[in-house]
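Residue-level structure breakdown
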Amino acid sequence: MKTVAYREVEAMTTGWWMLMGALAAFTSLGLLAAFYMEHNGHWVTGMTNQIVWGLPHVFAVFLIVAASGALNVASISSVFGRTAYKPLAPLSALLAVSLLAGGLTVLLLDLGRPDRLMVAMTKYNFRSIFAWNVILYSGFFGIVVVYMWTMMDRRMKSFSKPAGFAAFAWRLILTTGTGSIFGFLVARTPYDSAVMAPMFIAMSFSFGLAVFILVVFASSEMTNRPLGDALVRRLKNLLGVFIAAVLYFVTVQQLTGLYVAEKRDAVVFLLTNGGIFTVLFWMVQIGLGALLPLALLFAPPTAMNRPAIGLAAILVILGGIAQVYVIIIGGQAYPMPLFPGFEVTSSFFDGQVNTYVPSGPEAFLGVSGFAVAMLLVAFASTVFRFLPESLADEVVDPHCVAKARK
Amino acid sequence: MTSLPTPTANAKKLGLVIDLDLCVGCHACAVACKEWNSGGHMAPLTDLEPYGRDPDGVWFNRIHTFEAGADDQHLGCGTSRTTHFPKSCLHCETPECVTVCPTGASYKRAEDGIVLVNEDLCIGCKLCSWACPYGAREFDSDVGVMKKCTLCIDRIYNKNLEEVDRVPACVMVCPVSARHFGDLGDPNSNVSTLVRERDGYDLMPEMGYKPVNKYLPPRPKKVMPVAIEGGRRELEVSNDNALLNWVDRLLSR
């Protein structure tokens, strides 16, 4: 493999201003939405005492899960020694920390008291899975930043592999922690499952890689840098494997639920008569978010078609957001079984399927998480050398390089 | 780091005992709770647009209602009854809401077992309301923190009140005295005696959180004679008392 040269994104061009302006506008909208919700209180949102986590949490969890998965390419390069991915390893790490920053921004601004960030950072109840996640997120930032340093500073190159191993292990633990927030929820029938942690790891691989593919496509297109078919083929095949892995875990999760008497009604609710949640599950999560992308990625007419691969990645992201929506909102909508076997009435909506209508500010805040992440990626790529000058086959693909030598 | 107090043999466990046989579902406890805690300073229950089209606010006390016994074909429809089930925080011995709280804002007092929220430490992440299997937590969307039943801690230790008034507002107001307050850690207290004598039980004991609050089940209902399909039916009344049997026969002629 040739020595890979990296170059900053050229700043102050028309395209650069347009991109930064659009991302800054979305970020500002999110901040305004957060200010509006903070100023008036959460009662102006769609969240209630039954649906306590709403759309911003859906975006936040999606981004945090995707952050871990965005590190895939760097991990494959450092931990598993696949040289073809090495040129993209710094971008992979940058995207990982940026997505995490975007997700945590949304999560923080959606708290009842976002002004108490210092309390969250300094007071820990070590029995709380949430507190563990605060530590895991902070640790992820630290480890990945060090990992980036070892990749980008020639003097630190020898530490790159151990740093890569540490980041790989940490991201697995991080996603296990995120999945376990839901897996440990014994009180709620749709959760309380050990499969949540591995399913979230599979989800992170899939969502993170989908975002990564789009970023690679967009950056090579916008900065006119070559991108070879060999790398695209590897990435899209990998995405296909990860989509299949998510499908496998979703199947296991639902079948396990059907097998457990206590959970059967909740699973039947989701799969057959859960209204919007059933539609989102079958149509968006499974149909548009998994089966259609698999067809686009592997059907011969579209398998190596870049717009089709890009579309598949977009669909995986949409399906992923739908999946997190079904997990978070759908799980809360299902009534808590206080008196199993009885038809219960009360003046406080207990015992009935809860409704949730997301408000505009919640949507703006959620989407702004993506904007924050992309703004960080664009800014860092402008200031530092994260993007390789070329990702052509003869630069990155070991088979192509070997063939050329012969 | 916040952890649950170490359980000790004679630890005080303040809580409520609610008699489901007496509760008529009048909601007086919920209203009294709202009234006291809206006026008090310990846990003001926010009202949002109370006179608007869509009033909203925080309530600690909820009354659930369900029918029981209506499907029992052998006993007939006369055995069915409506059960009103008031529910607030049950002040569990091993509360999950305390365990999951990332900052330790939720805590259980070692001295009396009351579960409280330190509102200065609460960041409003709402995970405790996910974790509580009884749905007893209420997010105050105006203040941005989680709130819950305090067992009227500002009443029960309030020396400015007459001793007889040092009970939670919901207990004070109950018109049929279905609610009792006391130390369930003391086997000789009035509440412990009630639980022992009336087979008091926990709500969802299978969850393992050991709620301190107990419920006294409805007393068995007397089987009432049932007229079936319009025909006159000889009532089967079993009575071992010979005198009463003779009176019964005499009056049945």
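Here the structure is a predicted model, which is why all the values come from computation and not from measurement.

1. Describing the overall build of chain A
On a plain count of helices and strands, chain A comes out with 15 helices and three strands. Against the 2.2 N^0.38 benchmark of 22 Å for 406 residues, chain A shows a C-alpha radius of gyration of 22 Å, consistent with a compact globule. Seen along its three principal axes, the alpha-carbon backbone of chain A occupies a region of about 75 × 45 × 40 Å. Within chain A, the proportion of its 406 residues that are buried is 50%. A separation of at least 24 residues holds for 78% of the contacts in chain A among residues at least 6 apart in sequence.

2. Considerations on the interface of chain B and chain A
The interface is formed by 40 residues belonging to chain B together with 36 residues belonging to chain A. Of all the elements in the fold, those that place two or more residues in the side of chain B that touches chain A are β4 (62–68), α2 (96–100), α3 (127–131) and β8 (138–140) of chain B. At six residues, β4 of chain B tops the list of elements feeding residues into the side of chain B that touches chain A.

3. Re the sheet that holds strand β1 (residues 14–19) of chain B
All names here are of chain B. Judged by pairing direction, the sheet is mixed, and its three strands sit side by side in the order β10-β1-β11 without closing on themselves. This sheet does not close on itself; its edge strands, each paired only once, are β10 (179–183) and β11 (214–216). Strand-to-strand twist in this sheet, taken as the mean axis angle between neighbours without regard to direction, amounts to 25 degrees. Alignment of β1 against β11, held across three bridges, turns out to be parallel. Following the sheet pairing, Val17 is matched in β11 by Lys214.

4. Some points on the confidence of the model for chain B
For any part of a model where pLDDT is low, the fine detail of the predicted coordinates should not be relied upon. Within chain B, residue pLDDT values average 85, and 85% of them lie at 70 or more. The complex prediction reports pTM at 0.90, with the ipTM value standing at 0.88.

5. Digging into the packing of helix α10 (residues 261–273) of chain A against helix α11 (residues 276–298) of chain A
All names here are of chain A. One way to put it is that α10 packs onto α11 with a least axis distance of 6 Å and a crossing angle of 75 degrees. Relative to α11, the element α10 is oriented roughly perpendicular. Between α10 and α11, the contacting residues are Leu270, Leu271, Thr272 and Asn273 on the first element and Phe277, Thr278 and Phe281 on the second. Residue composition of the contact of α10 with α11, by class: four nonpolar, three polar and no charged.

6. Re helix α8 (residues 196–222) of chain A
With 27 residues, α8 of chain A extends 38 Å between its outermost C-alpha atoms, agreeing within 8% with the 39 Å of an ideal straight helix rising 1.5 Å per residue. Counting buried positions over the 27 residues of α8 of chain A gives 21, a clear majority of the element.

Parameters and conventions
Residues numbered from 1 in each chain as written. Chains lettered and ligands numbered in written order. Predicted model: local features only at pLDDT ≥ 70, side-chain atom pairs only at ≥ 80, totals over all residues. Helix = DSSP H or I, 4+ residues; strand = E, 2+ residues; numbered from the N terminus. Rg over C-alpha atoms; globule rule 2.2 N^0.38 Å. Buried ≥ 20, exposed ≤ 12 C-beta atoms within 10 Å, placed from the backbone. Contact = placed C-beta atoms within 7 Å. Pairing = 2+ DSSP bridges. Axes fitted to C-alpha atoms, helices over the stretch in contact; angles between N-to-C directions. pLDDT = per-residue confidence, 0-100. Parallel < 35°, antiparallel > 145°, perpendicular 65-115°, else oblique. Nonpolar A, V, L, I, M, F, W, Y, C, P; charged D, E, K, R; others polar. Expected span 1.5 Å × (residues − 1).

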